[in-house]
Amino acid sequence: MGLDVDPQEFSRADRTRHREKVHRCLDVFERMLNEAVFDTDDPKTGLEVELNLVDEAGDPALRNAEALAAIADPDFQTELGRFNIEMNVEPGFLRGGGLLRYEEGLRRSLNQAEVQSASVDAHLVMIGILPTLTPDHLTEETISANPRYKLLDEQILRARGEDILIDIVGDERLRTTADSIMPEAACTSTQLHLQTSPEHFAAYWNASQAIAGVQVAVGANSPYLLGRRLWSETRIPLFEQATDTRSEELKSQGVRPRVWFGERWVTSVFDLFEENVRYFPALLPVTDDEDPLTVLEAGGTPTLSELRLHNGTVYRWNRPVYDIFRGVPHLRVENRVLPAGPTVVDTVANAAFYFGLTRALAESDRPLWSQMSFGVAEENFHAGSRDGIGALLYWPGVGGVPVAELVLRRLLPLAVQGLESWGVDGAEIDRYLGIIEQRCLTGRNGAEWFSQRMKEVGTDGAGLEQRLGALRTVLGEYREGMHSNRPVHTW
């Protein structure tokens with residue numbers, strides 16, 4: 001959600017003042033897009049990985065404060081749940097071995113962090129949803145100590161006016177309620193960042209939306225929640241429901257959800273920020289003293305802190321980001337589709353596929369989004385989340401097609417082309433896209449591996465307590481595979 005905030009109460013006057021300031025920031029942002037010099041000459045990429053903490057048995061370890069103290073690295077930060085932490089990777093260029101640097105840097109940092117956090121009986125797990133979670137782990141008492149999370153919880157529940165309903169129908173059904181936003185903490189993701197210019201932002205965002213269904217299908221890694229086998233990427237419907245500020249009546253009236261795929265292709269990054277301001281009331285109406293127009297006219301770079309904080313509480317699957325580095329503003333697409341894991345090399349393979357395919361589509365002479373309706377892209381996204389690597393998706397020119405066939409025949413060659421444009425050498429392309437290819441040929445990603453192992457352990461028809469024992473067993477095997485850094489299709 002961007003910036004830290006202090007615990008506080010908000011009055012009606014606070015909300016009015018904040019709304020006026022957000023609109024002022026939006027006006028200044030529009031002027032900056034027309035006049036300011038953004039950092040566009042040499043775009044970087046980046047990534048963040050959210051991690052779960054477990055004890056030796058594989059149960060959630062509610063020790064993120066202790067783990068972070070042991071790790072003692074500013075690249076590791078708190079997340080919503082006391083069993084979560086997040087790791088930020090230094091942004092870099094893809095050319096000249098950038099993907100390999102990501103893999104080596106991630107492995108080195110995670111290996112060091114594992115050794116240090118193990119000293120407080122908190123072991124790191126990269127997976128979209130920790131399968132050993134129980135309802136007791138998703139309560140208000142397990143929210144991290146950072147005040148911003150408690151404040152966000154209060155504001156979302158106040159806006160909703162009632163408990164949160166979680167109702168997911170997959171291979172089985174889960175229907176439960178929560179009196180806090182803690183079910184959101186069950187969702188641990190990999191977030192990819194792609195810097196681009198104002199002129200090209202819309203093309204990269206549209207391309208990211210168009211391939212979201214493919215990404216999540218190939219990379220699915222969240223089949224179990226609270227003991228039940230649901231979607232291949234259960235993280236998607238869970239996050240959509242766990243952060244929903246709407247009552248049933250507001251849903252019926254067509255009010256937009258804060259976890260949002262969107263509703264149209266865009267022509268400018270301004271479209272997205274303007275929609276966020278127009279459709280969504282502020283959850284955290286914190287206002288500072290900066291006058292963005294005065295700063296801009298004095299030759300400075302406005303922080304636009306109110307606009308950025310508001311933007312961080314609208315959870316688009318591909319989020320527009322305005323940020324500043326060394327006094328120079330830049331824009332990024334933050335791709336939030338993918339789960340964490342299963343391994344570092346799988347994570348970098350997912351990143352390579354996204355960075356390459358997005359660039360090829362964004363620079364195409366005939367944009368993909370001119371051939372596909374936005375509604376179809378959203379349907380693909382949910383079909384890929386539900387059915388994973390076995391999903392049937394719609395694609396222009398071929399109609400309904402199995403996602404594995406689509407990737408092998410059409411999208412991998414485009415991803416190769418895009419990575420070559422980024423300056424990635426052939427050996428790296430073969431290493432990482434070869435993993436995507438083998439996943440599609442074997443039909444095995446993280447979700448499929450975990451589900452298959454659960455069947456082999458023999459949990460069909462078992463009670464939830466017996467199944468929890470099996471989940472601990474399979475999670476232990478998963479952790480061994482994760483630490484081996486062998487791609488999940490080879491497990």
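Quick notes on the rules
- Residues numbered from 1 in each chain as written.
- Predicted model: local features only at pLDDT ≥ 70, side-chain atom pairs only at ≥ 80, totals over all residues.
- Heavy atoms only, no water.
- Helix = DSSP H or I, 4+ residues; strand = E, 2+ residues; numbered from the N terminus.
- Buried < 20%, exposed > 50% of the residue type's maximum accessible area, 1.4 Å probe, protein only.
- Contact = heavy atoms within 4.5 Å.
- Axes fitted to C-alpha atoms, helices over the stretch in contact; angles between N-to-C directions.
- Parallel < 35°, antiparallel > 145°, perpendicular 65-115°, else oblique.
- Nonpolar A, V, L, I, M, F, W, Y, C, P; charged D, E, K, R; others polar.
- Core = buried A, V, L, I, M, F, W, Y, C linked by side-chain atoms within 4.5 Å.
- Expected span 1.5 Å × (residues − 1).
- Left-handed = near helix turned anticlockwise from the far one by under 90°.
- Pairing = 2+ DSSP bridges.
- Patch = residues over 30% accessible without salt bridge, like charges linked within 9 Å, V, L, I, M, F, W, Y side chains within 5 Å.
- Areas by Shrake-Rupley, 256 points an atom, 1.4 Å probe, with all protein chains shown as cover.
- Salt bridge = Lys/Arg side-chain N within 4 Å of Asp/Glu carboxyl O.
- Lys, Arg positive; Asp, Glu negative; His and termini not counted.
- Charge placed at Lys NZ, Arg CZ, Asp CG, Glu CD.
- Polar contact = N/O pair within 3.5 Å; in protein donor to acceptor, adjacent residues only side chain to side chain.

1. Quick word on the overall build of the chain
And step 1. In terms of helices and strands, the chain carries 16 helices and 15 strands.
And step 2. Judged by the C-alpha coordinates and their principal axes, the chain covers about 65 × 50 × 45 Å.
And step 3. Across the 491 residues that make up the chain, the buried fraction comes to 60%.
And step 4. Contacts spanning at least 24 positions in sequence make up 75% of the contacts within the chain whose residues lie at least 6 apart.

2. Examining the packing of helix α1 (residues 12-35) against helix α8 (residues 269-279)
And step 1. Packing of α1 against α8 leaves a shortest axis separation of 11 Å and a crossing angle of 175°. Comparing the axis directions of α1 and α8 gives the class roughly antiparallel. On α8, the residues touching V22, H23, L26, F29, E30 and L33 of α1 are V269, F270, F273, E274 and V277.
And step 2. For the contact of α1 with α8, the per-class residue count stands at 8 nonpolar, 1 polar and 2 charged.

3. Some remarks on the nonpolar core
And step 1. Ranked by size, the top nonpolar core spans 152 residues in total, and within it F29, V214, F353 and V407 carry the most contacts.
And step 2. The contact partners of V214, leaving out residues within four places of it in the chain, are F353, L393, W395, V403, L406, V407 and L411.

4. Thoughts on helix α16 (residues 464-484)
And step 1. For α16, with 21 residues, the first-to-last C-alpha span of 30 Å sits near the 30 Å given by 1.5 Å per residue.
And step 2. Taken together, the buried positions of α16 are R467, L468, A470, L471, V474, L475, Y478, R479, G481 and M482.
And step 3. Elements that come into contact with the buried residues of α16 comprise β1 (45-54), β4 (123-125), β8 (224-225), β9 (228-229) and α15 (446-457).
And step 4. With its phi angle positive at about 60°, N485 sits one or two positions after the end of α16.

5. Digging into the environment of N350
And step 1. Note that N350 resides in helix α11 (residues 344-362).
And step 2. For N350 and V89, which are 261 residues apart along the polypeptide, the C-alpha to C-alpha distance reads 15 Å.
And step 3. With residues near it in sequence (within four places) discarded, N350 still touches L192, G219, L338, G341, I436 and R439.

6. A few points about the packing of α15 against α16
And step 1. For the pair α15 and α16, the least separation of the axes is 10 Å and the interaxial angle reads 130°. What the angle tells us is that α15 and α16 run oblique. Crossing hand, α15 versus α16: right-handed. Counted together, W449, F450, R453, M454 and V457 of α15 and R467, A470, L471, V474, L475, E477 and Y478 of α16 form the full contact between these two elements.
And step 2. Along the lines of polarity and charge, the residues of the contact of α15 with α16 split into 9 nonpolar, no polar and 3 charged.

7. A word on the pairing of strand β12 (residues 318-325)
And step 1. Here β12 runs beside strand β13 (residues 328-339); their pairing, made up of 8 bridges, is antiparallel. What sits directly across from I324, in β13, is P329.
And step 2. Between β12 and β13, which pair antiparallel and follow one another directly, the connecting turn spans 2 residues, one of which, R326, has a positive phi of 55°.

8. Quick word on a negative patch on the surface
And step 1. Together, E141, E162, D163, D179 and E249 line one region of the surface with negative charge.
And step 2. Residue position: D179 is located in the loop between β6 (173-178) and β7 (189-196).
And step 3. Since its relative accessible area comes to 48%, D179 is described here as partly exposed.

9. A look at the pattern of salt bridges
And step 1. Taken as a whole and judged by the stated rule, the model has 33 salt bridges.
And step 2. E297 serves as the salt-bridge partner of R31, at 3.2 Å between the closest nitrogen and oxygen. Pair noted here: R31 is in helix α1 and E297 is in helix α9 (residues 292-297), with a separation of 266 residues, a long-range link.
And step 3. Given the relative accessible area of 29%, R31 is considered partly exposed.
And step 4. Judged by its relative accessible area of 53%, E297 falls in the exposed class.
And step 5. With its nearest N and O atoms 3.8 Å apart, the salt bridge here joins D171 to R229. Taken together, the residues D171 in the loop between β5 (164-169) and β6 and R229 in strand β9 connect sequence positions 58 residues apart.

10. Examining the environment of R246
And step 1. By secondary structure assignment, the location of R246 is in the loop between α6 (235-242) and α7 (248-252).
And step 2. Between the alpha carbons of R246 and R160 there is a distance of 5.3 Å; along the sequence they are 86 residues apart.
And step 3. With residues up to four places along the chain from it excluded, the contact list for R246 reads R160, K251, V255, R256 and P257.
And step 4. Within polar-contact distance, the side chain of R246 engages the backbone oxygen of V255 at 2.7 Å.

11. Details of unusual backbone geometry
And step 1. Here the residue pair G341 and P342 is connected by a cis peptide bond, since its omega of 0° sits within 30 degrees of zero.
And step 2. The phi dihedral of A72 is positive, around 50°, even though this residue is not glycine.
And step 3. Following the sequence through the fold, A72 ends up in the loop between α2 (64-71) and β2 (76-78).
And step 4. Residue classification places A72 among the exposed residues on the basis of a relative accessible area of 62%.
And step 5. Residue L226 is not a glycine yet carries a positive backbone phi of 50°.
And step 6. Inspection of the secondary structure puts L226 in the loop between β8 and β9.
And step 7. Accessibility expressed as a relative area gives 12% for L226, which makes it buried.

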